[in-house]
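Observations on the model geometry
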There are 2 protein chains.
Amino acid sequence: MLKIKIEKTAHPKPKPTGPLGFGSVFTDHMFLMDYTADKGWHDPRVVPYAPIVLDPAALVFHYAQECFEGMKAYRTAAGRVQLFRPDKNGERLRSTHERLCIPPIPVDDFVQAVKALVAVDKDWVPAEEGTSLYIRPFTIATEAQLGVKASSAYQFCIIASPSGSYYPTGIDPVRIYVEDEYVRAAPGGTGAVKCGGNYAASLLSGEKAHRLGYGQVLWLDGVERRYVEEVGSMNCFFKIGGVIRTAPTAGTVLPGITRMSCIELLEGWGYPVSVAPLPIEDVMRADEDGTLEEVFGTGTAAVISPVGELKYRDRAAVINGGRIGPVTQRLYDTLTGIQYGRLPAPQGWITEVE
Amino acid sequence: MLKIKIEKTAHPKPKPTGPLGFGSVFTDHMFLMDYTADKGWHDPRVVPYAPIVLDPAALVFHYAQECFEGMKAYRTAAGRVQLFRPDKNGERLRSTHERLCIPPIPVDDFVQAVKALVAVDKDWVPAEEGTSLYIRPFTIATEAQLGVKASSAYQFCIIASPSGSYYPTGIDPVRIYVEDEYVRAAPGGTGAVKCGGNYAASLLSGEKAHRLGYGQVLWLDGVERRYVEEVGSMNCFFKIGGVIRTAPTAGTVLPGITRMSCIELLEGWGYPVSVAPLPIEDVMRADEDGTLEEVFGTGTAAVISPVGELKYRDRAAVINGGRIGPVTQRLYDTLTGIQYGRLPAPQGWITEVE
């Protein structure tokens with residue numbers, strides 16, 4: 001149990017008015033906790049949102065020893081504020097820390113820290129349909145020295161940003177470019193954890209897709225460039241001939257919390273779910289023979305993101321006439337229903353912030 | 001041609017006395033230059049060494065859009081200060097920027113910036129045998145917003161650190177662990193550029209090697225885990241039956257400037273050099289049949305790092321009786337001779353700092 005010091009700002013910022021965007025307006029406070037070898041993780045505190053001041057030789061600037069999580073706080077119609085499976089974010093952060101040689105933060109401490117910040121900035125959780133408070137926990141290496149080694153000092157931070165509906169004008173299926181030049185991850189690398197380097201590596205491919213007129217990239221595996229892995233920074237599902245298929249996370253695919261929740265819901269509803277390597281040719285062949293029924297991405301930002309078109313080499317597959325499919329819609333309605341408190345939640349999925 | 005503003009410190013720090021380490025003591029000044037979409041790269045300046053102040057949402061902390069170079073300034077016996085092939089660092093930074101969607105810095109501007117900082121901090125270039133001023137140019141994404149996209153703002157910085165001899169007690173061959181679990185790079189990824197994420201991904205493997213009693217890791221390719229790629233953060237050469245072999249840099253191996261210089265020197269000396277994929281089994285077989293003559297790493301920090309032992313699975317190859325070999329020694333003597341002005345340099349290899 002952390003003893004969190006709370007220092008409230010003397011200069012609260014005005015809340016944003018009008019439509020909210022994503023990730024550029026921040027609340028009045030942030031959570032900080034430091035690590036040093038002699039003290040371990042120490043000095044947990046909620047303080048006014050302020051710049052981070054680091055020596056130019058801080059390891060985070062050179063060797064990207066840094067990682068993050070993404071999660072949201074939702075305001076229910078009754079005015080309660082709730083988190084969606086925050087323990088799962090804490091578990092994933094712990095496994096990311098391990099891969100990056102960063103000392104672990106206990107899951108309970110992580111959840112407590114998130115709740116502490118959201119409680120202080122509760123008024124920043126927006127109430128309009130589809131809006132939420134996006135929460136960004138992240139860890140950075142702060143030791144100032146240039147040898148390539150794990151840092152002896154870290155800072156764990158949480159910032160939060162009131163965010164608009166991902167679909168202000170209704171769910172709009174995205175057009176996806178299947179990337180067969182650049183690679184996001186390979187076995188033995190860092191694809192299964194949420195470290196900064198994975199995202200830096202993805203930018204060029206994202207720009208290429210935009211230039212070609214596509215909204216996102218579908219990544220193939222790094223060895224054979226054959227098996228589907230992720231869409232942009234989301235997990236990806238394919239409904240083919242009644243079976244819902246998604247890539248295993250072993251080693252190269254991020255174990256998404258929305259992904260995990262979708263699999264649990266789908267299995268509960270009686271859909272056959274296959275978590276196994278899926279070659280892109282099988283997807284394109286299913287399009288040819290008319291059995292490619294639905295494709296969607298899953299992630300914290302959009303929750304569920306229907307895919308309307310898949311472009312692979314010289315072939316474009318239009319999925320369900322470019323419209324959202326029934327399973328995709330049901331998952332979206334159910335997950336957002338649970339998150340906003342309109343539907344009952346499975347045991348342990350919802351944590352209320354008092 | 002940059003118009004570099006110079007602001008000298010009013011409080012010069014004491015120079016370090018006693019033996020110098022690596023990368024933890026910094027000079028009085030640093031070079032900074034900013035990028036914004038409307039102004040491009042602007043405001044180049046040498047200023048007193050000071051912390052970097054960034055919004056917690058700065059993209060460098062989240063998506064590791066960051067990269068660096070490593071180079072040295074050497075003091076000759078006559079007291080001159082000189083750089084080794086700085087244009088090659090500038091070219092490599094440009095290609096790293098391109099891979100990470102960072103706007104390019106012209107190579108001439110890069111070299112001018114390095115020279116400007118070293119000129120101001122010239123007294124920090126140490127004079128003792130084997131010492132140098134290590135120079136660390138790096139670029140970080142500074143825009144404060146959490147969408148996964150290339151930043152619209154950057155800072156390019158150069159800091160410098162007086163550094164001790166890599167081999168204070170004479171060249172000591174390193175023992176190397178051949179890594180066949182974790183992977184540094186895969187084709188289509190970022191292995192051929194100097195971005196932070198590559199180094200974060202390597203830390204766990206380095207810790208494993210240390211735990212097993214080895215100084216560094218030899219990386220195998222990310223697809224077959226069969227072809228030798230790099231040693232730790234150095235390039236790697238193998239002399240087998242009279243032929244000097246090293247991995248091609250295409251896509252997954254960093255194009256080292258020491259590597260390039262070694263290849264040029266070796267070819268000039270008439271050695272057969274083969275730049276082609278080299279399976280680790282061929283290396284181990286050469287050890288068995290007695291034709292594995294020398295192994296060494298090349299990089300800016302150590303210049304040339306002889307390998308005394310290679311451990312691959314259950315076999316340990318001891319190279320040249322664990323002692324530095326004649327070609328390794330000749331390369332070390334020649335390169336350091338050129339760098340410290342004791343030997344004439346090939347055309348364009350040396351840039352003097354006035």
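As the structure is a prediction and not an experimental result, all values here were calculated from the model.

When helices and strands are tallied, chain A shows seven helices and 19 strands. In terms of overall size, chain A behaves like a compact globule, its C-alpha atoms giving a radius of gyration of 21 Å where 354 residues would be expected to give roughly 20 Å. When burial is assessed residue by residue, chain A has 61% of its 354 residues classed as buried. Looking at chain A alone, contacts between residues at least 24 apart form 71% of all its contacts between residues at least 6 apart. Working note: accessible area of chain A is about 13,200 Å², and carbon and sulfur atoms make up 51% of it. Here chain A contributes 36 positive and 41 negative side-chain charges, whose respective centroids are spaced 2 Å apart.

Moving on: the pattern of salt bridges. Residues and elements named next belong to chain A. Evaluation of the coordinates by the stated rule reveals 34 salt bridges over all chains. Residue Arg 85 is joined to Glu 264 by a salt bridge in which the shortest nitrogen-to-oxygen separation is 3.4 Å. Separated by 179 residues along the polypeptide, Arg 85 in the loop between β7 (81–84) and α2 (86–99) and Glu 264 in helix α5 (residues 257–268) bring together distant segments of the chain. When its relative accessible area of 5% is taken as the criterion, Arg 85 is described as buried. A relative accessible area of 35% places Glu 264 in the partly exposed class. Because the salt bridges share partners, they merge into one network encompassing Lys 5, Asp 34, Asp 43 and Arg 45.

Another aspect to go through is the interface of chain A and chain B. By a frequent convention, interface size equals the accessible area lost on bringing the separate parts together. With 59 residues of chain A in contact, the opposing surface of chain B contributes 59 residues. Contact between chain A and chain B buries roughly 4,700 Å² in total, counting both sides, with carbon and sulfur atoms accounting for 66%. Run the count over chain A and chain B and you get zero salt bridges. Elements represented by at least two residues in the side of chain A that touches chain B include exactly β4 (52–54), α1 (60–63), β5 (66–68), α2, β8 (132–141) and α4 (196–211) of chain A.

All names here are of chain B. Within the secondary structure, Thr 334 is located in helix α7 (residues 326–339). A relative accessible area of 14% places Thr 334 in the buried class. Setting aside residues up to four positions removed in sequence, Thr 334 forms contacts with Leu 265, Trp 269 and Leu 343.

Residue and element names in this part refer to chain A. If you check the domain split of chain A, you get domain 1 (5–165) and domain 2 (174–339). Centre-to-centre separation of domain 1 and domain 2, based on C-alpha positions: 27 Å. On the domain 2 side, the residues contacting the 19 residues of domain 1 number 20 residues. When domain 1 packs against domain 2, the two sides together hide about 1,800 Å² of surface, and 61% of this comes from carbon and sulfur. On the domain 1 side of the contact with domain 2, Phe 68, Phe 84 and Arg 92 bury the most area, a combined 35% of that side's loss. Our count for the contact surface shared by domain 1 and domain 2 stands at one salt bridge. Take the side of domain 1 that touches domain 2: its biggest share by element is six residues, from α2. When its residues are assigned to classes, the side of domain 1 that touches domain 2 shows seven nonpolar, five polar and seven charged.

The subject of this paragraph is the packing of helix α5 (residues 257–268) of chain B against α7(B). Residue and element names in this part refer to chain B. The geometry of α5 relative to α7 is characterised by a closest axis approach of 11 Å and an angle of 110 degrees between their N-to-C directions. Taken together, α5 and α7 sit at an angle that is classed as roughly perpendicular. For the pair α5 and α7, the contacting residues are Thr 258, Ser 261, Cys 262, Leu 265 and Leu 266 in the first and Val 327, Leu 331, Thr 334 and Leu 335 in the second.

So, about unusual backbone geometry. Residues and elements named next belong to chain A. Residues other than glycine seldom take positive phi values, yet Asp 43 does so here, at roughly 60 degrees. Looking at where Asp 43 falls in the secondary structure, it is placed in strand β3 (residues 40–48). Phi at Ala 64 takes a positive value of approximately 55 degrees, unusual for a residue other than glycine. Within the secondary structure, Ala 64 is located in the loop between α1 and β5.

The UniProt record marks Lys194(A) with the feature "modified residue: N6-(pyridoxal phosphate)lysine" (unreviewed entry), using the residue numbering of this structure. Every residue in contact with Lys194(A), bar those within four places of it in the chain, is listed here: Cys67(A), Phe68(A), Glu69(A), Gly70(A), Arg92(A), Thr96(A), Tyr199(A) and Leu254(A).

For the rest of this paragraph, the subject is helix α3 (residues 107–120) of chain A. Residues that lie three or four places apart on an α-helix share one face, since the helix turns once every 3.6 residues. For α3(A), built from 14 residues, the straight-helix expectation of 20 Å at 1.5 Å per residue is met to within 8% by its first-to-last C-alpha distance of 20 Å. Within the sequence span of α3(A), burial applies to Val107(A), Asp109(A), Phe110(A), Val111(A), Gln112(A), Ala113(A), Val114(A), Ala116(A), Leu117(A), Val118(A) and Val120(A).

Mapped onto the fold, Asp287(B) is located in helix α6 (residues 280–288). Within polar-contact distance, the side chain of Asp287(B) engages the side chain of Arg315(B) at 2.7 Å.

Attention shifts here to the relation of the copies chain A and chain B. Turning chain A through 180 degrees and shifting it by 0.0 Å along the axis lays it on chain B, with an RMSD of 0.0 Å. With respect to symmetry, the two chain copies, as superposed, fit the operation of a two-fold axis. Scanning chain A for the C-alpha nearest the rotation axis identifies Gly197(A), at a separation of 2.0 Å. In this assembly the copies share their binding face: 100% of the residues contributing to the interface of chain A also contribute to that of chain B.

Conventions used here
Residues numbered from 1 in each chain as written. Chains lettered and ligands numbered in written order. Predicted model: local features only at pLDDT ≥ 70, side-chain atom pairs only at ≥ 80, totals over all residues. Heavy atoms only, no water. Helix = DSSP H or I, 4+ residues; strand = E, 2+ residues; numbered from the N terminus. Rg over C-alpha atoms; globule rule 2.2 N^0.38 Å. Buried < 20%, exposed > 50% of the residue type's maximum accessible area, 1.4 Å probe, protein only. Contact = heavy atoms within 4.5 Å. Areas by Shrake-Rupley, 256 points an atom, 1.4 Å probe, with all protein chains shown as cover. Lys, Arg positive; Asp, Glu negative; His and termini not counted. Charge placed at Lys NZ, Arg CZ, Asp CG, Glu CD. Salt bridge = Lys/Arg side-chain N within 4 Å of Asp/Glu carboxyl O. Buried area = accessible area lost by both parts, 1.4 Å probe. Domains from an automatic or database assignment. Nonpolar A, V, L, I, M, F, W, Y, C, P; charged D, E, K, R; others polar. Axes fitted to C-alpha atoms, helices over the stretch in contact; angles between N-to-C directions. Parallel < 35°, antiparallel > 145°, perpendicular 65-115°, else oblique. UniProt positions renumbered as here; feature names shortened; annotations may be inferred. Expected span 1.5 Å × (residues − 1). Polar contact = N/O pair within 3.5 Å; in protein donor to acceptor, adjacent residues only side chain to side chain. Least-squares fit on C-alpha atoms with pLDDT ≥ 70 in both.

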